[in-house]
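So the chains spell out like this:
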Amino acid sequence: QVQLVESGGGLVQAGGSLRLSCAGSGRTFSRYAMAWFRQAPGKEREFVAAISRSGGSTDYADSVKGRFTISRDNGQNTVNLQMNSLKPEDTAVYYCAVRDSPYVWAGPRPLKNYDYWGQGTQVTVSS
């Protein structure tokens, strides 16, 4: 059974930093691209960042480019999201997800390309 567990969320002032982690089990994650999405109250879940199985390719939403960094440690089955220069509009529940097919990188942004999700971790940025 595939499980993803996020951690690291919390309350931070604007301009601050947080580091989210996602620990996976039940799958050979080194074969799969992984991603972070977020969902703010009253809004649809949106793509934040994705990383290829090796970590050699990454993709970021325009809204976080230059402020967020995604990374992974295949030995530990973890994917991380370093978030700097946080803004109030970054407030959301953040979810990690694993790609539905191994060895695929194309199309990292659509939600439908991910088949397992974590339970989410709340990030709140105060102004």
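Residues numbered from 1 in each chain as written. Predicted model: local features only at pLDDT ≥ 70, side-chain atom pairs only at ≥ 80, totals over all residues. Heavy atoms only, no water.

> Explain the side chain of Arg 38 residue by residue, including any values.
Examined against the element boundaries, Arg 38 turns out to sit in strand 4 (residues 34-39). A distance of 3.5 Å separates the side chain of Arg 38 from the side chain of Ser 63, its partner in a polar contact. At 2.9 Å, the side chain of Arg 38 forms a polar contact with the side chain of Tyr 94. Once residues within four sequence positions are removed from consideration, Arg 38 is found in contact with Glu 44, Arg 45, Glu 46, Val 48, Ser 63, Val 64, Phe 68, Glu 89, Asp 90, Ala 92, Val 93 and Tyr 94. (Helix = DSSP H or I, 4+ residues; strand = E, 2+ residues; numbered from the N terminus. Polar contact = N/O pair within 3.5 Å; in protein donor to acceptor, adjacent residues only side chain to side chain. Contact = heavy atoms within 4.5 Å.)

> So what's going on with the sheet that holds strand 3 (residues 18-25)? Which residues, and what values?
The antiparallel open sheet is built from 4 strands, whose spatial order is 1-3-8-7. Single-partner strands in this sheet number two, and they are strand 1 (3-7) and strand 7 (68-73). Here the strands of the sheet are splayed against their neighbours by 15° on average, with no regard to which way each runs. By the bridge criterion, 6 bridges tie strand 3 to strand 8 (residues 78-83) in an arrangement that is antiparallel. (Pairing = 2+ DSSP bridges. Axes fitted to C-alpha atoms, helices over the stretch in contact; angles between N-to-C directions.)

> Provide a residue-level description of the state of the cysteines, including the pertinent values.
Every disulfide links exactly two cysteines, by a covalent bond between their sulfur atoms. Tallied over the full model, the rule gives 1 disulfide. The residue that forms a disulfide with Cys 22 is Cys 96, at a sulfur-sulfur distance of 1.9 Å. Residues Cys 22 and Cys 96 share a disulfide whose torsion about the S-S bond is about 45°; that sign makes it right-handed. Of this pair, Cys 22 sits in strand 3 while Cys 96 sits in strand 9 (residues 92-99), placing them 74 residues apart in sequence. Pair check on accessibility: Cys 22 and Cys 96 agree, each one buried. (Disulfide = S-S within 2.5 Å. Buried < 20%, exposed > 50% of the residue type's maximum accessible area, 1.4 Å probe, protein only.)

> Mind laying out the pattern of salt bridges, listing which residues take part and the relevant values?
Under the defined criterion, the tally for this structure stands at 7 salt bridges. Across the salt bridge formed by Asp 59 and Arg 109, the nearest N and O atoms sit 2.7 Å from each other. Residue Asp 59 is found in strand 6 (residues 58-60), and its partner Arg 109 is found in the loop between strand 9 and strand 10 (114-117); the two are separated by 50 residues along the sequence. The partner of Asp 62 in a salt bridge is Lys 65, and the shortest N-O contact between them spans 3.4 Å. Taken together, the salt bridges that share partners define one network made up of Arg 38, Glu 46, Arg 67 and Asp 90. (Salt bridge = Lys/Arg side-chain N within 4 Å of Asp/Glu carboxyl O.)

> How would you summarise the nonpolar core if you had to cite specific residues and measurements?
Counting 34 residues, the largest nonpolar core has Trp 36, Leu 81, Met 83 and Tyr 94 as its most contacted members. Apart from the residues lying within four places of it in its own chain, the contact partners of Tyr 94 are Glu 6, Leu 20, Trp 36, Phe 37, Arg 38, Val 48, Phe 68, Leu 81, Met 83, Gly 120, Thr 121 and Val 123. (Core = buried A, V, L, I, M, F, W, Y, C linked by side-chain atoms within 4.5 Å.)

> Break down the environment of Thr 121 for me, citing the residues and quoting the values.
Following the sequence through the fold, Thr 121 ends up in strand 11 (residues 121-126). Relative accessible area serves as the criterion here: at 11%, Thr 121 is assigned to the buried category. Separated by 28 residues in the primary sequence, Thr 121 and Val 93 have C-alpha atoms spaced 5.3 Å apart. Excluding residues within four positions of it along the chain, Thr 121 makes contact with Glu 6, Ser 7, Gly 8, Gly 9, Leu 20, Ala 92, Val 93 and Tyr 94. Looking at Thr 121, its side chain comes within polar contact range of the main-chain nitrogen of Gly 9, at 3.2 Å.

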